[in-house]
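Breakdown of the fold
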Amino acid sequence: MVDVATVLADFEAESEVLDALVARLPDSGWAQATASPGWSIAHQIGHLAWTDAVVIDAAAAANGDTDAFAALRIALQSGAITIDGAAAELAALPPAQLLVQWREGRRRMAASLREVAEGARLPWFGPPMSPTSMATARIMETWAHGQDIADALGATREPTNRLRHIAHLAVRTRNFAFKANKLTPPEEEFRVELSGAAGENWAWGPEDAAEKVSGSAEDFCLLATRRRHRDDLALSASGPNADKWLDIVQAFAGPPGEGRKPVAAGEIGTPA
């Protein structure tokens, strides 16, 4: 088992990679459009900052102070608050102010996860999560939205061993992905074999499983975060259920969404 402190150290490392991408941008660069319709780079960072603040409320709820998170859940369900609206509100801040708010918020969020009582789970918009799982989810979101920003800037990020957290989350949430698409999860486990950042083999599930998924960890994470279309990735599936999973895999809570279109003419596809 990986402890929360180790995962949070990787979260901060992933955040620093993204921070370095945006910190040097001129104010005008924050308005650069990304692949998410209507979302600029500022919207992407605003969304991360907002979600970190929501995690702080969820951590408080795990420790017994449920008011803030309960009120947020009601506001989201009623439409009084929307994901796009929250991102837009923060994107309207001066870039320097948004950058400071994101930096301070993610540090407060990490501290809040360290303070969750042992054995407690955080309420969320999918199944409740342990602090370690929540920290893993924050790595996933930071990396995924960082991919949108890197694509917008024409930047390339080197894959790291932090991808293992994202891949693990996607494997652990296999059944959630089936249910989110109104499908019955398979009873049998899959074998998942991925090549890591340095070429090492990462594996989940029994070696003798009838159904198997294999490929690079980076490609699997791009698919599981819906940042690339399956047609543009070198992933293989053996067995009908494993093949279906690659069509619907998602490492995030919430509805599946449309994902990306296949790349055309060498450009990053936009969501359908």
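In what follows, the structure referred to is the one given above.
Residues numbered from 1 in each chain as written. Predicted model: local features only at pLDDT ≥ 70, side-chain atom pairs only at ≥ 80, totals over all residues. Heavy atoms only, no water.

1. Description of the packing of aromatic side chains
Evaluated as defined, the whole model comprises five aromatic pairs. On the basis of an interplanar angle of 35 degrees and a centroid distance of 5.5 Å, the ring pair of Phe69 and Phe125 is categorised as tilted. With Phe69 in helix 3 (residues 67-78) and Phe125 in the loop between helix 5 (95-114) and helix 6 (131-153), the pair connects residues that are 56 residues apart, well separated along the chain. Ring centres of Phe190 and Trp245 lie 5.7 Å apart, and the angle between their planes is 55 degrees; this geometry places the pair in the tilted category. (Phe/Tyr/Trp six-rings, centres within 6.5 Å; stacked < 30°, edge-to-face > 60°. Helix = DSSP H or I, 4+ residues; strand = E, 2+ residues; numbered from the N terminus.)

2. Re the sheet that holds strand 4 (residues 235-238)
Pairing within the open sheet is mixed, and its four strands lie in the order 2-1-3-4. Strands at the two margins of the open sheet, each flanked by one partner only, are strand 2 (201-204) and strand 4. Ignoring strand direction, the axes of neighbouring strands in this sheet form an average angle of 10 degrees. Note that strand 1 (residues 191-195) and strand 3 (residues 212-216) share five bridges and pair parallel. For Leu194, the partnering residue across the bridge sits in strand 3 and is Gly215. Against the sheet, helix 7 (residues 163-172) touches strand 1 and strand 2, its axis set at about 20 degrees to strand 2. Together, strand 1, strand 3 and strand 4 form the strand contacts of helix 10 (residues 240-248), whose direction differs from that of strand 4 by roughly 145 degrees. (Pairing = 2+ DSSP bridges. Axes fitted to C-alpha atoms, helices over the stretch in contact; angles between N-to-C directions. Contact = heavy atoms within 4.5 Å.)

3. A short note on the pairing of strand 3
One ladder, built from four bridges, connects strand 3 with strand 4; its direction is antiparallel. Note on strand 4: the bridge partner recorded for Gly215 is Leu235.

4. Things to note about the environment of Pro206
With respect to the helices and strands, Pro206 occurs in the loop between strand 2 and strand 3. Separated by 16 residues in sequence, Pro206 and Phe190 place their C-alpha atoms 7.2 Å apart. When sequence neighbours within four positions are dropped, the list of residues in contact with Pro206 reads Glu189, Phe190 and Arg191.

5. A look at helix 2 (residues 41-62)
Taking 1.5 Å per residue, 22 residues should reach 32 Å; helix 2 reaches 32 Å between its end C-alpha atoms and fits that length. Among the 22 residues in helix 2, 19 count as buried, and that is most of the element. Between a side-chain oxygen at the N-terminus of helix 2 and the backbone nitrogen of Ala42 the separation is 3.3 Å; the capping residue is Ser40. Of the residues flanking the end of helix 2, it is Gly64, one or two places downstream, whose phi is positive at about 110 degrees. (Expected span 1.5 Å × (residues − 1). Buried < 20%, exposed > 50% of the residue type's maximum accessible area, 1.4 Å probe, protein only. Polar contact = N/O pair within 3.5 Å; in protein donor to acceptor, adjacent residues only side chain to side chain.)

6. Considering the nonpolar core
Ranked by internal contacts, the top residues of the largest apolar core, which has 75 residues, are Val22, Trp30, Ile45, Leu122, Phe220 and Trp245. With residues near it in sequence (within four places) discarded, Leu122 still touches Val55, Ala58, Ala59, Ala62, Leu113, Val116, Pro128, Met129, Ser130, Pro131 and Met134. (Core = buried A, V, L, I, M, F, W, Y, C linked by side-chain atoms within 4.5 Å.)

7. Side note on helix 6
Spacing of three or four residues puts side chains on the same side of an α-helix, whose turn is 3.6 residues. Over its 23 residues, helix 6 extends 32 Å from the first C-alpha to the last, a length consistent with the 33 Å expected when each residue adds 1.5 Å. Most of helix 6 is tucked away, with 18 of its 23 residues classed as buried. Looking at the residues trailing helix 6, positive phi occurs at Gly154, about 70 degrees.

8. What about the pattern of salt bridges?
The full count for this structure, using the stated rule, is 15 salt bridges. For the salt bridge of Asp151 with Arg228, the shortest nitrogen-to-oxygen distance reads 3.0 Å. Of this pair, Asp151 sits in helix 6 while Arg228 sits in the loop between helix 9 (217-224) and strand 4; the two residues are 77 residues apart in sequence, bridging distant segments of the chain. By relative accessible area, Arg228 is classed as buried at 15%. Through salt bridges with shared partners, a single ionic network connects Glu12, Glu16, Asp19, Arg103 and Arg106. (Salt bridge = Lys/Arg side-chain N within 4 Å of Asp/Glu carboxyl O.)

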